[in-house]
Amino acid sequence: MTSGLQRLLITGGAGFIGSNFVRHWLQTHHTPVVVLDALTYAGNRANLGDLEAAFPEQLTFVQGDIGDRPLVDSLLQKNNIDTLVHFAAESHVDRSILGPAPFIQTNVVGTFTLLEAFYHHWQGQGQPDQLRFHHVSTDEVYGSLSPTDPAFTELTPYAPNSPYSASKASSDHLVRAYHHTYGLPTLITNCSNNYGPYHFPEKLIPLSIVNMLLGKALPIYGDGQNVRDWLYVVDHCRAIDVVLHRAQPGSTYNIGGNAEISNLDLIGLLCDQMDALAPDLPVRPSRDLITFVSDRPGHDRRYAMDIRKIHQDLGWSPQVTLEMGLRQTLQWYLNHPDWWQPLLTAAYQQFYQEIYG
Ligand code: NAD
Ligand code: TYD
């Protein structure tokens with residue numbers, strides 16, 4: 001009988017948050033980890049390169065699709081997995097607007113496939129209490145807030161507005177149903193916007209950093225007054241760790257940074273920090289690069305997370321302030337042009353053209 005949390009299968013472990021989590025887990029717990037990742041445009045084996053060298057015994061990388069049931073079955077069985085942490089997803093709202101089909105396939109059908117495989121794996125072992133299926137989700141499932149609305153709690157009704165958030169909401173509902181109907185020991189966490197190292201330069205913060213370094217325009221959608229709550233990615237990883245260790249099966253937790261800010265203020269702050277950190281910039285001050293562009297269709301106005309439950313039940317709270325986390329992130333991109341420059345491929349330029357024209 002397993003005591004739990006000894007052998008992990010991490011889906012999407014070559015992506016932004018997944019690779020940060022693999023790093024956190026191996027450095028903290030040293031137990032074996034199998035990463036299953038399809039290496040889509042957002043997945044990058046280089047995100048794990050140093051870890052594969054440092055933890056050759058503990059870390060196994062498998063390139064494959066979460067929708068490949070025979071593959072998932074064999075990974076669960078062969079590695080005697082007791083904990084599945086599910087990050088794999090199509091994750092970018094703008095791409096979901098251009099083409100929603102992969103979002104349904106991976107986020108909904110893929111999650112269903114994982115649930116089925118994990119359910120049969122759990123049943124085959126006599127339904128041990130210690131197994132865990134941890135589903136990593138987003139605050140976007142709750143929809144949009146007005147400036148004066150209270151923050152989302154775990155009881156806020158779902159009201160997703162984009163194909164991305166609708167696909168994540170669907171997967172959350174499936175995970176909930178597998179717990180409610182079959183008793184599968186699941187966990188769900190809904191987190192606010194993350195930022196930090198290894199973030200693909202399509203999301204607001206890494207795109208703005210890379211564009212500042214290249215002297216390119218910083219595109220701000222609409223009036224720039226949309227508000228997000230930002231969390232440093234390592235704080236998110238610590239929260240998932242705490243939930244895995246301490247939360248009751250079937251529970252859900254909101255995770256956030258208590259750091260609400262408008263997009264315009266955020267990018268202004270990032271510009272000022274960049275100007276202070278980087279000696280050679282093609283354009284200075286970086287604020288001169290800020291450019292207002294057409295709004296995203298259906299753009300949610302504000303997200304905010306009430307994180308009292310995870311604080312009160314499990315003792316977690318964010319440790320890295322927005323100012324500190326942004327400075328660390330900027331410094332990481334300044335130190336790692338070898339990481340981000342190869343990502344600016346012809347496919348990336350084509351995506352950029354489609355979104356920004
Ligand atoms: P990401 O796009 O950087 O990484 C996704 C990873 O999943 C990539 O490595 C990709 O190759 C892999 N993947 C995609 N489709 C796959 C498939 N069919 N099979 C196997 N692997 C596949 O995403 P991220 O920002 O790291 O987000 C990770 C998870 O966290 C997602 O579920 C996302 O919804 C959630 N989340 C993200 C944020 C955020 O701010 N980035 C906030 C809250 C929740
Ligand atoms: P993003 O990083 O795509 O995350 P999400 O849509 O999941 O919140 O966007 C964060 C905010 O920044 C969101 O309000 C949209 C806005 N945004 C811009 O203004 N310009 C951009 O080029 C991008 C990518 C996002």
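Everything numeric in this text was worked out from a predicted model, so none of it was measured. (Residues numbered from 1 in each chain as written. Chains lettered and ligands numbered in written order. Predicted model: local features only at pLDDT ≥ 70, side-chain atom pairs only at ≥ 80, totals over all residues. Heavy atoms only, no water.)

### Details of the site of ligand 2
What surrounds ligand 2 is a group of 17 residues, the closest being E140, Y221, R296, H299 and Y356. Contacts to ligand 2 include R228, whose side-chain N or O atom sits 2.8 Å from an oxygen atom. Taking R296, its side chain carries an N or O atom lying 2.5 Å from an oxygen atom of ligand 2. Burial of ligand 2 by the protein chains amounts to 97% of its free accessible area of 510 Å². (Near = heavy atom within 4 Å. Polar contact = N/O pair within 3.5 Å; in protein donor to acceptor, adjacent residues only side chain to side chain. Areas by Shrake-Rupley, 256 points an atom, 1.4 Å probe, with all protein chains shown as cover.)

### Section: the packing of aromatic side chains
Under the definition given, this model contains 24 aromatic pairs. Residues F103 and Y164 carry aromatic rings whose centres are separated by 6.4 Å and whose planes lie at 80 degrees to one another, so their mutual orientation is edge-to-face. A residue pair is termed long-range when its members are at least 10 positions apart, and F103 in helix α5 (residues 101-124) and Y164 in helix α6 (residues 163-182) qualify at 61 residues. Neither residue differs from the other here; F103 and Y164 are each classed as buried. Between Y142 and Y158, the ring centres sit 5.5 Å apart and the planes meet at 90 degrees, which makes this aromatic pair edge-to-face. Placement of Y142 in the loop between β5 (132-138) and α6 and of Y158 in the loop between β5 and α6 is noted, with a sequence separation of 16 residues between them. We classify Y142 as buried; its relative accessible area is 5%. By way of ring pairs, the aromatic residues Y41, F200, Y221, Y348, F351, Y352 and Y356 are connected into one cluster. Across the ring face of F351, the terminal group of R95 is positioned such that the distance to the ring centre comes to 4.0 Å. The lysine or arginine in question, K216, covers the ring of Y352, its NZ or CZ lying 4.1 Å from the ring centre. (Phe/Tyr/Trp six-rings, centres within 6.5 Å; stacked < 30°, edge-to-face > 60°. Helix = DSSP H or I, 4+ residues; strand = E, 2+ residues; numbered from the N terminus. Buried < 20%, exposed > 50% of the residue type's maximum accessible area, 1.4 Å probe, protein only. Lys NZ or Arg CZ within 6 Å of the ring centre and 35° of its normal.)

### Points about the site of ligand 1
Inspection of the region around ligand 1 gives 28 residues, with I17, D37, S91, Y164 and K168 positioned closest. Separating a nitrogen atom of ligand 1 from a side-chain N or O atom of D65 is a distance of 3.1 Å. Of all the secondary-structure elements, those providing two or more residues to the shell around ligand 1 are α1 (16-29), β5, α6 and β7 (193-195). A breakdown of the residues in the shell around ligand 1 according to their chemical character gives 13 nonpolar, 12 polar and three charged. (Nonpolar A, V, L, I, M, F, W, Y, C, P; charged D, E, K, R; others polar.)

### Comments concerning the pairing of β5
A large share of β5 lies buried, amounting to seven of its seven residues. Covered by surrounding structure in β5 are R132, H134, V136 and T138 together with F133, H135 and S137, the residues of both alternating faces. Examined bridge by bridge, strand β4 (residues 83-86) and β5 share four bridges and lie parallel to one another. Following the sheet pairing, H86 is matched in β5 by H135. Crossover handedness for the path β5 to α6 to strand β6 (residues 186-191): right-handed. (Pairing = 2+ DSSP bridges. Right-handed = clockwise from strand over helix to strand, strands pointing away.)

### Some thoughts on the sheet that holds β5
The seven strands lie next to each other as β3-β2-β1-β4-β5-β6-β10, forming an open sheet whose pairing is parallel. For this open sheet the edge positions go to β3 (59-63) and β10 (252-255), each flanked by a neighbour on one side alone. Adjacent strand axes in the sheet meet at a mean angle of 20 degrees, parallel and antiparallel pairs treated alike. Bridge analysis of strand β2 (residues 33-37) against β3 gives five bridges, and the strand direction is parallel. Pairing of L36 across the sheet is with V62, part of β3. Its contacts with the sheet put helix α3 (residues 69-78) on β1 (8-11), β2, β3 and β4, and the angle it makes with β2 is roughly 175 degrees. The strands that helix α8 (residues 233-246) touches are β4, β5, β6 and β10; relative to β5, the one it contacts most, it runs at about 145 degrees. (Axes fitted to C-alpha atoms, helices over the stretch in contact; angles between N-to-C directions. Contact = heavy atoms within 4.5 Å.)

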